[in-house]
Amino acid sequence: MAYAGQHVGAAAAKVLVVAPAWVGDMVMAHTLVPGLVRRGAVVEFLAPPATGDLARRMPGVSAVHDLNVEHGTLGFRERADAARRLKARGFDWAIVLPNSLKSAIAPFLAGIPRRTGFIGELRYGLLNDRRQLDTGNLPRLVDRFASLADVAPESPRLQPDTSRREALCAEHGFRLEHTLIALCPGAEYGSSKRWPAERFAELARLLASQGAVVCILGNAQDVELGRSIVRRSPAVDLTGKTDLLDAVDILSAAGAAVANDSGLMHVAAALGVPVAGIYGSTTPTFTPPLSTRSLAIGHDLPCRPCFRRECPFGHRACLTNTSADRVMGALDALGVVWS
């Protein structure tokens with residue numbers, strides 16, 4: 001596979017990566033870091049509050065600069081403030097991963113000499129190394145991110161805080177001599193990406209029958225899902241009770257994770273945890289869990305993938321036709337050992 005922009009030259013000495021606001025996309029942003037570091041670059045990230053802490057757990061990232069702008073807002077004043085701080089850092093190159101106009105504002109105002117990104121949202125004047133996206137040649141999101149840095153994509157990695165992991169497991173009563181299985185039932189994109197709660201509950205019962213300890217991870221938006229699952233299973237509900245880095249550290253203790261196509265699926269894969277990823281309206285062709293210890297599960301239909309937030313037919317058969325037994329089979333295929 002060829003990578004767009006390979007003719008542009010060697011990596012700059014100091015590189016700013018403008019990071020995505022979605023958790024899964026942020027994890028995949030690490031794909032370009034190892035290649036840049038091997039070429040002698042110092043890599044720093046500019047990231048919003050929702051994802052900045054993840055960059056602090058990425059090997060090879062030297063510093064993270066906070067962009068205090070809420071997701072989906074322009075926040076011009078905050079971007080201008082960030083640009084003033086960045087200007088003093090003397091960056092040679094900015095790689096703008098999101099395709100939005102607003103994401104290119106801070107590198108432009110900071111006067112970073114080389115500003116790379118895909119053409120989109122009329123940001124021609126803000127970028128001076130503009131790339132045309134060839135989706136056929138760059139099918140996965142990691143391929144696209146890596147191509148902007150002129151490196152080959154690598155599987156993203158995150159580093160857990162082992163002392164914090166032990167403390168969290170003790171706090172929630174997880175005895176690590178038993179296999180811990182993390183269930184991640186949320187997906188912010190919409191219900192067409194969420195395997196039904198009753199299937200997660202059925203899976204939790206099957207896992208518990210094998211001697212596993214089961215926990216449910218998710219943010220405050222997933223609390224009702226968590227409650228629905230624990231009403232019908234012996235799982236421990238941590239939805240809304242942990243922050244993102246807590247979830248990272250708990251996932252790092254898991255023997256496996258079962259997740260929808262979501263941010264936590266990519267977090268688990270980046271930690272090297274065996275992952276069964278359940279896909280509905282989306283496809284692993286674009287955003288697979290990037291680990292040799294992962295399996296993508298989906299039920300093929302003529303209407304799939306539709307990439308809709310809600311099922312246009314109302315049946316969500318691409319999800320409901322995936323059974324708990326099938327997911328158990330995937331965990332067996334991944335070599336998960338039950339305590």
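On a predicted model such as this, the values are computed, not experimentally measured, just so you know.

Conventions adopted
Residues numbered from 1 in each chain as written. Predicted model: local features only at pLDDT ≥ 70, side-chain atom pairs only at ≥ 80, totals over all residues. Heavy atoms only, no water. Pairing = 2+ DSSP bridges. Helix = DSSP H or I, 4+ residues; strand = E, 2+ residues; numbered from the N terminus. Contact = heavy atoms within 4.5 Å. Axes fitted to C-alpha atoms, helices over the stretch in contact; angles between N-to-C directions. Buried < 20%, exposed > 50% of the residue type's maximum accessible area, 1.4 Å probe, protein only. Phe/Tyr/Trp six-rings, centres within 6.5 Å; stacked < 30°, edge-to-face > 60°. Lys NZ or Arg CZ within 6 Å of the ring centre and 35° of its normal. Salt bridge = Lys/Arg side-chain N within 4 Å of Asp/Glu carboxyl O. Patch = residues over 30% accessible without salt bridge, like charges linked within 9 Å, V, L, I, M, F, W, Y side chains within 5 Å. Areas by Shrake-Rupley, 256 points an atom, 1.4 Å probe, with all protein chains shown as cover. Core = buried A, V, L, I, M, F, W, Y, C linked by side-chain atoms within 4.5 Å. Polar contact = N/O pair within 3.5 Å; in protein donor to acceptor, adjacent residues only side chain to side chain.

### Description of the sheet that holds strand β12 (residues 294-298)
Thought 1: Read from one edge of the open sheet, 6 strands run β9-β8-β7-β10-β11-β12, paired in parallel fashion. Since the sheet does not close on itself, it has two edges, and those belong to β9 (236-237) and β12, each with one partner.
Thought 2: Contacting β7 (180-184), β8 (213-216) and β10 (256-260), helix α8 (residues 197-209) crosses the sheet at an angle of about 180° to β7.
Thought 3: Across the sheet, helix α13 (residues 324-333) is in contact with β10, β11 (275-279) and β12; its angle to β12 comes to roughly 160°.

### What about helix α11 (residues 263-270)?
Thought 1: Along α11, 8 of the 8 residues are buried, which leaves the element largely enclosed by surrounding structure.
Thought 2: When we look at burial in α11, the residues that qualify are Gly263, Leu264, Met265, His266, Val267, Ala268, Ala269 and Ala270.
Thought 3: Packed against the buried residues of α11 are α1 (23-29), α3 (52-55), β7, α10 (244-252), β10 and β11.
Thought 4: Residue Gly272 follows α11 closely and has a positive phi angle near 80°.

### Regarding the environment of Leu133
Thought 1: On the secondary structure map, Leu133 appears in the loop between β6 (129-131) and α6 (141-148).
Thought 2: Residues Leu133 and Ala55 lie 78 residues apart in sequence; the distance between their C-alpha atoms is 25 Å.
Thought 3: Setting aside chain neighbours within four positions, we find Leu133 in contact with Phe118, Leu138 and Arg144.

### Here we look at the packing of aromatic side chains
Thought 1: Taken as a whole and assessed by the stated rule, the structure comprises 1 aromatic pair.
Thought 2: In this structure, Arg114 packs its charged tip against the face of Trp93, placed 3.7 Å from the ring centre.

### Description of the pattern of salt bridges
Thought 1: This structure, assessed with the given rule, holds 15 salt bridges.
Thought 2: Asp261 is the partner of Lys193 in a salt bridge, and the nearest nitrogen-oxygen pair spans 3.6 Å. Taken together, the residues Lys193 in the loop between β7 and α8 and Asp261 in the loop between β10 and α11 connect sequence positions 68 residues apart. The two residues Lys193 and Asp261 agree in class, both being buried.
Thought 3: When the shortest N-O distance is used, the salt bridge between Glu224 and Arg227 registers 2.9 Å. Here Glu224 and its partner Arg227 are both found in helix α9 (residues 223-230), 3 residues apart, which amounts to about one turn of the helix.
Thought 4: Salt bridges linked by common partners bring Arg114, Asp129, Arg131 and Asp150 together as one network.

### With respect to a nonpolar patch on the surface
Thought 1: Residues Leu74, Phe76, Phe108 and Leu109 make up a contiguous nonpolar surface patch of roughly 360 Å² in combined accessible area.
Thought 2: Here Leu109 lies in helix α5 (residues 105-109).

### Observations concerning the nonpolar core
Thought 1: Among the nonpolar cores identified, the biggest contains 59 residues, and Leu32, Leu36, Phe45 and Leu251 are the most heavily contacted of them.
Thought 2: The leading source of residues in this core is α11, at 6 residues.
Thought 3: With residues near it in sequence (within four places) discarded, Leu32 still touches Val17, Ile95, Leu97, Phe145, Ala146, Ala149 and Val151.

### Description of the sheet that holds strand β1 (residues 14-18)
Thought 1: In space, the 6 strands of this open sheet follow the order β3-β2-β1-β4-β5-β6, with parallel pairing throughout. The open sheet has two edge strands with one neighbour each: β3 (61-66) and β6. The average angle at which neighbouring strand axes cross in this sheet is 20°, direction not considered.
Thought 2: Here strand β2 (residues 42-47) pairs with β3 via 5 bridges, running parallel. By the bridge assignment, Phe45 is partnered in β3 with Val64.

### Looking at the pairing of β2
Thought 1: For β2, the tally of buried residues reaches 5 of 6 residues, placing the bulk of the element in the interior.
Thought 2: When β1 meets β2, the two strands line up parallel, connected through 5 bridges. Looking at β2, one finds that Lys14 is bridged to Val42.

### A short note on the side chain of Asn260
Thought 1: Turning to its location among the elements, Asn260 is positioned in strand β10.
Thought 2: In this structure Asn260 comes out as buried when scored by relative accessible area, which is 0%.
Thought 3: Looking at Asn260, its side chain comes within polar contact range of the main-chain oxygen of Pro185, at 2.7 Å.
Thought 4: Polar contacts involving the side chain of Asn260 include one to the main-chain carbonyl oxygen of Gly186, which spans 3.4 Å.
Thought 5: Contact partners of Asn260, with chain neighbours within four places excluded, come to Cys184, Pro185, Gly186, Ala187, Lys193, Arg194, Trp195, Phe200, Met265 and Ile278.

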